[in-house]
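Spelled out, the chains give:
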There are 2 protein chains.
Amino acid sequence: MAGIEEVARRAGVSAATVSRALSGRGHVSAATRAKVLEAAAALGYVVSSSASALATGRMRNVGVVIPFLNRWFYGAVLEGAESALLAQGYDLTLYNLGGGAEERHSVFEHFLLRKRVDAVIAVSLELTESEVQRLHDLRKPMVGVGGPLPGVRTLSIDDIAVSRLATEHLIGLGHRRIAHIGGDRAVEMDFHLPTNRRIGYQEALAAADIPTDPALFHPGDFTMQGGYEAAKQLLGAPHDRPTAIFAASDEMAIGAILAARDLGLDVPRDVSVVGIDDHDLAAFFGLTTVAQYPMLQGRMAVDVLMQELHPGHPEPASLNTPLPFDLVVRSSTARPDAGRG
Amino acid sequence: MAGIEEVARRAGVSAATVSRALSGRGHVSAATRAKVLEAAAALGYVVSSSASALATGRMRNVGVVIPFLNRWFYGAVLEGAESALLAQGYDLTLYNLGGGAEERHSVFEHFLLRKRVDAVIAVSLELTESEVQRLHDLRKPMVGVGGPLPGVRTLSIDDIAVSRLATEHLIGLGHRRIAHIGGDRAVEMDFHLPTNRRIGYQEALAAADIPTDPALFHPGDFTMQGGYEAAKQLLGAPHDRPTAIFAASDEMAIGAILAARDLGLDVPRDVSVVGIDDHDLAAFFGLTTVAQYPMLQGRMAVDVLMQELHPGHPEPASLNTPLPFDLVVRSSTARPDAGRG
DNA sequence: ATGAAAGCGCTAACAC
DNA sequence: GTGTTAGCGCTTTCAT
């Protein structure tokens, strides 16, 4: 438990010099620095983060508020953020806001109100203006991932464009009866993600002069099972069965593939399926999908914060850039008449 | 950014009294406490965790070191630990040790060496004795989840008993040609989990006088795809096809179910499949499995730490109790001759 | 380039 | 039950 004073003594300098040598702030002669480094190493010295934080006002710690840990998207965002923070010498304090309003309140009191973090990454968190204001008043930089936050810089993909792309892929293959599995309003999902994805689907249909058929929409809860059940309904129709399904997430799309199989339908010959995400399992199931890159999103969120925290920090190239997404074509989509003509 | 002094002034008391009233330590008259609470609320006062930590030596923060974020087991452990910590007023600092030795070293320097955490939960982390010693010297309580750590209290299920149970279930149904998909040594898995699960399998076979057939073992990498490929090999055998497969994880077991389907085999009529975990997807696939309870494991780890951190804390009932696991029978297992006789 | 000294904001003895 | 006082271990002016 060596302190800075011991290191100073051993190096034959003052505590102030040790601090400078170790932090890199201020000028220290090379020789002195070497002595200090040696002494610190020999004593196994480490700064006390609380003492340092008290003196500087900086915690070198950012809070990440996230609604789920065990969903692919969120886990990946977290992973991206964690490694980017670690690389900057920052710690990441995790707040999992699965629960209700009181848990959320408690988290706010907790870290907002305990000066534990220098900044906040809010993943799919819908904050009220007053909550944002609160953070703002405490001069805590904040960045959102996924969905707009009032007055906060937010990283999120263009859900409308993404689902338009997915739908256009199907239309381009010649499909006209394209079903959509999306979220219903009841499903507690962040922002208007389900709605936006449905809008993109409808836009693509409209652009191709394909009328929207309400019978071709079925809600799902963004799980594999939800997609399975929705697809069973959609594909079980005796007449005018859709030739393609666009699911608002890969997990639902995989559920749809399994449902098709259970109905004796071949994917993609009898029905094409496309999802969104490029989930870990997508390749295994041969799922055509629109990839988004959640780890990258986590990393980018960190870049944005670092820029606000350290004004000298290099401008992240991707800062005001729309987030990337790409169509990944695999074997779950094909022309509707493939194998017949 | 009100400080304790302002609260004291507003309440007409000293800073010490404010501290006592707010922390609950020491005696404060009810009337005074009310005044202090009121003043604190009015000013939006919150303690500075760094100042408090510096004065007390307690950070109210525990570090969780975990190798993956996006695998079901680890995500669930994390979720359990997070909510238990939050309930105790502790924060959780996340260290994701996916990478190599240097990343691991960096994490050690980071949090071990920065006095950021009061205690450590090491999930599937293999530490050397000297690393453990280091933590020990810093008097940081530590608890492991999954796998023994030298001189550290560790929570982990009895992998041998778990896989014995799974195998016995199959034997009890009348199976004798039981294949096993486990990890090979090359697969970078924690501790001897794959080996232990294989041992349990062999023990169960031996107890039933069933000889172990090396042809019935196939390694997998604990992913769905890995299980799929292994099962293809196992079930593709022209002669003496196994009538049952015991996979060392649910994800591999699900892969095996999908492989069986692709080979035109019916589960469970032609082949029974059992896994370990009770993964989120297990119910959807009707998978019989041995449930372990990772969220509970995360919570228990916190209980253990709290006990060491606050000696007055109630003894966790489950402390020296072996971790629970249960056979969950669903529709992926049946008698080998079911439907034929 | 280095040292002396004054805090950062809180807590915990110790007095009363 | 409450106030006074002395730090916790660093960082950072301000001198030199």
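Residues numbered from 1 in each chain as written. Chains lettered and ligands numbered in written order. Predicted model: local features only at pLDDT ≥ 70, side-chain atom pairs only at ≥ 80, totals over all residues. Heavy atoms only, no water.

You'll find chain A entered in an unreviewed UniProt entry as LacI family transcriptional regulator, with Pseudolysinimonas yzui given as the organism.

Asker: Explain unusual backbone geometry here, please?
Answerer: Among all residues except glycine, the phi angle is most often negative; among peptide bonds, the trans geometry is most common. Cis geometry marks the peptide bond from V267 of chain A to P268 of chain A; its omega dihedral reads 10°. Position of P268 of chain A among the secondary structure elements: in the loop between α11 (250–262) and β9 (272–277). One non-glycine residue, R60 of chain B, adopts positive backbone phi at about 50°. Structurally, R60 of chain B can be placed in the loop between α4 (49–56) and β1 (61–66). Even without glycine at this site, D209 of chain B takes up a positive phi of about 60°. Topologically, D209 of chain B is positioned in the loop between α9 (193–207) and β7 (217–219). (Helix = DSSP H or I, 4+ residues; strand = E, 2+ residues; numbered from the N terminus.)

Asker: I tried to follow the sheet that holds strand β9 (residues 272–277) of chain B on my own but got confused; where do I start?
Answerer: The strands making up a sheet are joined through hydrogen bonds of the backbone, oriented either antiparallel or parallel. Residues and elements named next belong to chain B. On the basis of which strands lie adjacent, the open sheet formed by six strands has the order β7-β6-β8-β9-β10-β11 and mixed pairing. The open sheet has two free edges, formed respectively by β7 and β11 (326–328), since each of these has just one partner strand. Recorded for the sheet is a direction-independent mean angle of 20° between the axes of neighbouring strands. Relative to β9, strand β8 (residues 244–247) runs parallel, the two sharing three bridges. Looking at β9, one finds that F246 is bridged to V274. Contacts from helix α8 (residues 159–172) reach β6 (178–182), β8, β9, β10 (288–291) and β11, with the element oriented near 170° to β8. (Pairing = 2+ DSSP bridges. Axes fitted to C-alpha atoms, helices over the stretch in contact; angles between N-to-C directions. Contact = heavy atoms within 4.5 Å.)

Asker: In this structure, what is going on with the protein's contact with DNA strand D? I would like to understand it.
Answerer: In the neighbourhood of DNA strand D, 25 residues make up the surrounding shell, with S19 of chain A together with T17, R20, S29 and T32 of chain B lying closest. For DNA strand D, the fraction of protein-proximal atoms (within 4 Å) that sit in sugar or phosphate groups is 64%. A distance of 3.3 Å separates a base nitrogen of DNA strand D from a polar backbone atom of A51 of chain A. Side-chain polar atom of T32 of chain B to a phosphate oxygen of DNA strand D: 2.3 Å apart, as the coordinates give it. Elements that contribute at least two residues to the surface near DNA strand D include exactly α2 (15–23) and α4 (49–56) of chain A together with α2 (15–23) and α4 of chain B. Looking at the surface near DNA strand D, the element that brings in the most residues is α4 of chain A, giving four residues. For the surface near DNA strand D, the residue count by class is 11 nonpolar, 10 polar and four charged. (Near = heavy atom within 4 Å. Polar contact = N/O pair within 3.5 Å; in protein donor to acceptor, adjacent residues only side chain to side chain. Nonpolar A, V, L, I, M, F, W, Y, C, P; charged D, E, K, R; others polar.)

Asker: It is not clear to me how the environment of A15 of chain A should be interpreted in this structure. Could you clarify?
Answerer: Residues and elements named next belong to chain A. Summarising the element assignment, A15 is placed in helix α2. Linking A15 and E5, residues 10 residues apart in sequence, is a C-alpha distance of 5.6 Å. When residues no more than four places from it in sequence are discounted, the contact partners of A15 are I4, E5 and A8.

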